[in-house]
Amino acid sequence: MQTVNIVLSGLGGQGILFMTKVLAQAALNKGLKTMGAETHGMAQRGGSVISHLRLGEVEGSLVRTGSAHFLLALEENEAYRNIPFLAKGGRLYANASPKSFARQEVKPYLDKMEIVYRAVPAEKIAAGLGTPMSSNLALLGFFSAFEKDLVTHKELRNAIDQVTPSRFKKINFKVFDAGFEMGTQ
Amino acid sequence: MMREEIFLGNGAVALGLLESGSQVVTSYPGTPSSEILPEVVRLIKSEGLNTYVEWSTNEKVALDNAFAAAVSGKRAACCMKQVGLNVAADSLMSAAYLGTVGGLVIVSCDDPGPHSSQTEQDTRLMARLAKVPVLDPSNPKEAREMARLAMELSEEFRIPVILRPAIRVCHARQALSWGPLKNNTKKASFEKDPGRWAATPRFRFILHGELNEKLKKIARRFEGLTAHNFHDLEPGKKYPLGIIAGGVPYSVIRDILLEKDRKDIPVLKIGTPYPFPEALADTFMSACEKVLVLEETDTVMEYFLRDRQKVLGRLSGHVPSEGELVPQIVYSLVDKVLKDLGLIPFKGDGNQDALDLVASLDLPVRRPTLCAGCPHRASFFAIRKARPKAIFTSDIGCYTLGLNLGGVDTCLDMGAAITMASGFYHSFDQDQVAQPIVATIGDSTFFHSGTAGLLNAVYNDARFILVILDNEITAMTGMQPTPGLGIRADGSKGKAISLERVVAGCGVDFVEVVDPYDIKAMTKLLKKATEYVNSSTGGIAVIIARHPCVIAYPKEAITERKSVMVTDDCTECSFCLERFECPALYHDEELGRTNINHSLCTQCGVCLQICPKGAIVEA
Ligand code: SF4
Ligand code: SF4
């Protein structure tokens, strides 16, 4: 299989590490080799946080600019900040308002690079279910509605099941499924 | 019964250490090393091992303890971050001469970037300075193998061995297959030999000779260590350019060359930068006209290469001398070398137009900040209120973020809040200037390096206020227990050390405890402390600002939830946003006033005490 490069971005505390863990577990379940890179330490206190995940036969954990197939962003500005990672034809998923995403200034570039971008109000979905800090799961659910070739909704759901502590399972599934619904509409 | 599991790089190190039969593992937390010991604990619990683990009070303490275990014939490991090795340097330099009986592996994690450290220093240089071997893994899988190799080398040659994974190894995730772990049953024994273990300078000279002999033997071993030192030269072929790389830069360049299908550029991978496998490097060099060296963070291998005419790297200006060698940097620097040498360059650029585009957007930079509900925020607010003109010396931990609140003026190294406070005091006092000084230090940092400085300050009659920010945890590095808590690394109960008694034991006569959530009480206490510091019979005043970390202990930290709101009395003065900077407070353009982001608000209620217009009220 060809290498798949994924970049996940957001702010410290938004659950980027958890999102990375779920995707990596899902890939492992499919028998794929995975290599990831995470941010720990000072930036976790609300600064810009970024995770890299690479599927396939790779040595290094970092994605090079211009070579990511997917960018998942939990915050709008962090989505823009990390656009340089995307390769031509890459896909961008952001927690943002579908009406206003993406900013006018970046659209010509995204179009030129044939980058598909989709926004979902992940935080609103999560807040609506009483757990505003779970926007990461809503975004993952939304993502799974479009990227079946990479990982299906069911495969991701199983991975969430594996890495979630039992007391959070019910709510995590609820938010994840709500994000998925939003994507299938 | 092998199973596949995704390991954090630090977990891979932990696994390797236990597979090698480590019976004692000590550590002091620090990014990027902090997860090693918790991973060791997780594995010994799941595998039922009897490995002794401890969070030591600092890195020197950790290394001395592990060294003693190795002297007793056991296998021991000691884990820290690269600047922690500075603290342990005294121990390391001497241990290299004395040697071991069992095995001793020192894991020192580097932080090129730096992401979470005060310097980008390179542990490989410390290894060279101490004259101990160092292994430099390129990914978690190799880190695990090297942990085992390091232990075996250490025991065979009776020398401490350093493993230095860089942050991209420590915080990488990779699937590894592993099986049941066994206890190492080696028993402790100590044969008295004061000539060695308490060697005087004359015998140290002999020990130095022994050490040099060991290094020669190890260097020979490294020449043939094909699992970690290897190249892809074709016999007899000559190349215009070759690359010598180690650690993370090796994995980066390997991926790029594979992706670009560049078999015309051979790579020599070095996993053992010291002692350097010189003959292997000579073979490689003689097949290449030029050789580019890729290594993090400092210049180490580049100096070891003898044919200077051929070498490209930091000294020739081809490789940046600071910062991380991330893939896009390696890509463009190698591309430039290819162009300079008239070779075929890579296709495509590093997405420069996208980088320019993003730069033009002027995106707000999200600086890290103290969490919503963090007790340190309340402390800094009170300190600035009570002593606005003071010099604020501070230290290393979450509370360094007091920078954003104007409550931190200096941060040098662990413990320097206190030592710099006394240094400032004497410098101003010499000129008869009564400069107010308030030092802030966390509980864990105080236990790590605070007492020697405090003893010194008391003994030499310095005058300042020391606020110990006691949140009962080592928070920044991921919530490790402190001696004050009395919970040990494996979760068992230890003896809790009383900060009050330690401070009093350092000779301080003014020690008071306050809950910083009560800003009024803390401000009042700071005023009282000021009087004490300034009175002729006074001295150093220590205030222990005690309130649990809101992340580690959400329930205990906020016992009474207060729902807050901002009224129309808000004049948009921004005082709260600048001086208090709770992430849950923001300026609402539409409403034309400050507002609360309820998904971030922890309902701590501290902000009820801060608005000068009284606009923040209980809902
Ligand atoms: S809430 Fe108070 S402190 Fe904050 S901007 Fe409004 S008036 Fe100023
Ligand atoms: S109550 Fe006030 S200080 Fe506490 S988290 Fe909420 S907004 Fe911040």
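Thresholds, definitions, all that
- Residues numbered from 1 in each chain as written.
- Chains lettered and ligands numbered in written order.
- Predicted model: local features only at pLDDT ≥ 70, side-chain atom pairs only at ≥ 80, totals over all residues.
- Heavy atoms only, no water.
- Helix = DSSP H or I, 4+ residues; strand = E, 2+ residues; numbered from the N terminus.
- Buried < 20%, exposed > 50% of the residue type's maximum accessible area, 1.4 Å probe, protein only.
- Contact = heavy atoms within 4.5 Å.
- Areas by Shrake-Rupley, 256 points an atom, 1.4 Å probe, with all protein chains shown as cover.
- Lys, Arg positive; Asp, Glu negative; His and termini not counted.
- Charge placed at Lys NZ, Arg CZ, Asp CG, Glu CD.
- Near = heavy atom within 4 Å.
- Nonpolar A, V, L, I, M, F, W, Y, C, P; charged D, E, K, R; others polar.
- Pairing = 2+ DSSP bridges.
- 1 Å grid on protein atoms, 1.4 Å probe; cavity = no way out; pocket = protein on both sides within 12 Å on 5 of 7 lines; lining within 4 Å.
- Sits in = over half its atoms within 2 Å of the grid points.
- Disulfide = S-S within 2.5 Å.

Participant: Give me the overall build of chain A: which residues, what numbers.
Facilitator: Looking only at helices and strands, chain A has seven helices and six strands in total. Going from the N terminus to the C terminus, chain A shows its helices and strands as β-α-β-β-β-α-β-α-β-α-α-α-α. Principal-axis analysis of the C-alpha atoms gives chain A an extent of 45 × 40 × 35 Å. Residues counted as buried form 61% of the 185 residues belonging to chain A. Pairs at least 24 apart in sequence give 63% of the contacts found in chain A among residues at least 6 apart. On chain A, roughly 7100 Å² of surface is accessible, and the fraction owed to carbon and sulfur atoms is 51%. Mean positive and mean negative side-chain charge positions of chain A (22 and 16 charges, respectively) differ by 3 Å.

Participant: Provide a residue-level description of the site of ligand 1, including the pertinent values.
Facilitator: In the vicinity of ligand 1, the contacting residues are Cys570, Thr571, Cys573, Ser574, Phe575, Cys576, Thr594, Cys611, Pro612, Lys613 and Ile616 of chain B. Classifying every residue of the shell around ligand 1 gives seven nonpolar, three polar and one charged.

Participant: Describe the pairing of strand β20 (residues 585-588) of chain B, and please don't skip the residues or the numbers.
Facilitator: Residues and elements named next belong to chain B. Bridge count between β20 and strand β21 (residues 593-596): four bridges; the pairing is antiparallel. When the bridges of β21 are listed, histidine 587 appears paired with threonine 594. Following β20, the chain reverses through four residues before pairing antiparallel with β21; glycine 592 in that reversal takes a positive phi of roughly 65 degrees.

Participant: Quick rundown of the site of ligand 2? Include the residues and the values.
Facilitator: Residue and element names in this part refer to chain B. Looking at ligand 2, the residues that line it are Ala372, Gly373, Val564, Phe580, Cys582, Ala584, Cys601, Thr602, Gln603, Cys604, Gly605 and Cys607. Put simply, ligand 2 lies in the largest cavity. Along the lines of polarity and charge, the residues of the shell around ligand 2 split into eight nonpolar, four polar and no charged.

Participant: Could you give an account of the state of the cysteines, with specific residues and numbers?
Facilitator: All names here are of chain B. Taken as a whole, this structure holds zero disulfides over all chains when the rule is applied. Here cysteine 78 stays unpaired: no disulfide links it, and the sulfur of cysteine 79, its closest cysteine neighbor, is 6.5 Å away. Overall, cysteine 78 belongs to the buried group, its relative accessible area being 0%.

Participant: Hey, could you go over the sheet that holds strand β4 (residues 75-81) of chain B for me, with residue numbers and the actual values?
Facilitator: Residue and element names in this part refer to chain B. Taken in spatial order, the six strands make up an open sheet running β3-β2-β4-β5-β7-β6, and their pairing is parallel. Among the strands making up the open sheet, the edge pair consists of β3 (52-55) and β6 (134-135). Taken together, the three bridges between strand β5 (residues 103-109) and strand β7 (residues 161-163) define a ladder with parallel strand orientation. Note on β7: the bridge partner recorded for isoleucine 106 is isoleucine 162.

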